[in-house]
Amino acid sequence: QVQLVESGGGLVQAGGSLRLSCAASGSIASIGVMGWYRQAPGKQRELVATSGISTNYADSVRGRFTISRDNAKNTMYLQMNTLEPEDTAVYYCYARIRRTVLSAFIDAWGQGTQVTVSS
C-alpha cells in the first residue's frame, strides 16, 4: 500500500504565507512526477504545480508559489506566499509511484488539506 499525507493547511489572511507538505509512505521503489492540485467549492480540480524533470506552475500562482521535493524523505512541499482569497481551496497531493522496480507506475492521491485565505 502507498499513502500520501498532506499537512500544513489552515486559515491565513490575504498576503500571508503557508507551507504545505506531502509525505509518501508505504511500499515505494521510486517516485516520478509529483504535484499539487486544488479544488475550490463549486469548481473543478485544477493543477497548481508539478515537479518532475522540470517544474511547472499554473499562471495564477507563478511567482507566488514554489514547489520542492526532498527525495530522500519522499516528501514534497508547496511554499505559498502572497496568498489571495482566490487561493482558498482543498489542496491535494499527487504522485506517480512505482512500488517495485519491476512494476508500472501508479497514480496516488492524498486526502486533501484545506487552505482558507481571508480578505
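For the structure itself, look to the data block above.
Because the structure is predicted, anything quoted here is derived from the model rather than measured. (Residues numbered from 1 in each chain as written. Predicted model: local features only at pLDDT ≥ 70, side-chain atom pairs only at ≥ 80, totals over all residues. Heavy atoms only, no water.)

A. Up close: the sheet that holds strand E3 (residues 18-26). An order of E1-E3-E8-E7 is seen for the four strands of this open sheet, with the pairing classed as antiparallel. If you trace the sheet from one side to the other, it starts and ends with strand E1 (2-7) and strand E7 (65-70), each paired once. Geometrically, the sheet is characterised by an average inter-axis angle of 15° between neighbouring strands, direction not taken into account. Relative to strand E8 (residues 75-80), E3 runs antiparallel, the two sharing six bridges. (Pairing = 2+ DSSP bridges. Helix = DSSP H or I, 4+ residues; strand = E, 2+ residues; numbered from the N terminus. Axes fitted to C-alpha atoms, helices over the stretch in contact; angles between N-to-C directions.)

B. Expanded view of the pattern of salt bridges. Applying the stated rule across the entire model yields six salt bridges. Salt-bridge contacts for Asp 87 lead to Arg 64; the nearest nitrogen and oxygen are separated by 2.8 Å. Placement of the pair is Asp 87 in the loop between E8 and strand E9 (89-98) and Arg 64 in the loop between strand E6 (55-57) and E7, with a sequence separation of 23 residues. No difference in accessibility class separates Asp 87 from Arg 64, as the two residues are buried. Overlapping salt bridges, with partners in common, bring together Arg 38, Glu 46, Arg 64, Glu 84 and Asp 87 in one network. (Salt bridge = Lys/Arg side-chain N within 4 Å of Asp/Glu carboxyl O. Buried < 20%, exposed > 50% of the residue type's maximum accessible area, 1.4 Å probe, protein only.)

C. View of the layout of surface pockets. In this structure, the largest pocket spans a volume of roughly 160 Å³. Lining the largest pocket we find Arg 38, Gln 39, Ala 40, Lys 43, Gln 44, Glu 46, Glu 86, Asp 87, Thr 88 and Ala 89. Taken together, the residues of the lining of the largest pocket break down into two nonpolar, three polar and five charged. (1 Å grid on protein atoms, 1.4 Å probe; cavity = no way out; pocket = protein on both sides within 12 Å on 5 of 7 lines; lining within 4 Å. Points joined across faces, edges and corners; volume = space filled by probe spheres on them. Nonpolar A, V, L, I, M, F, W, Y, C, P; charged D, E, K, R; others polar.)

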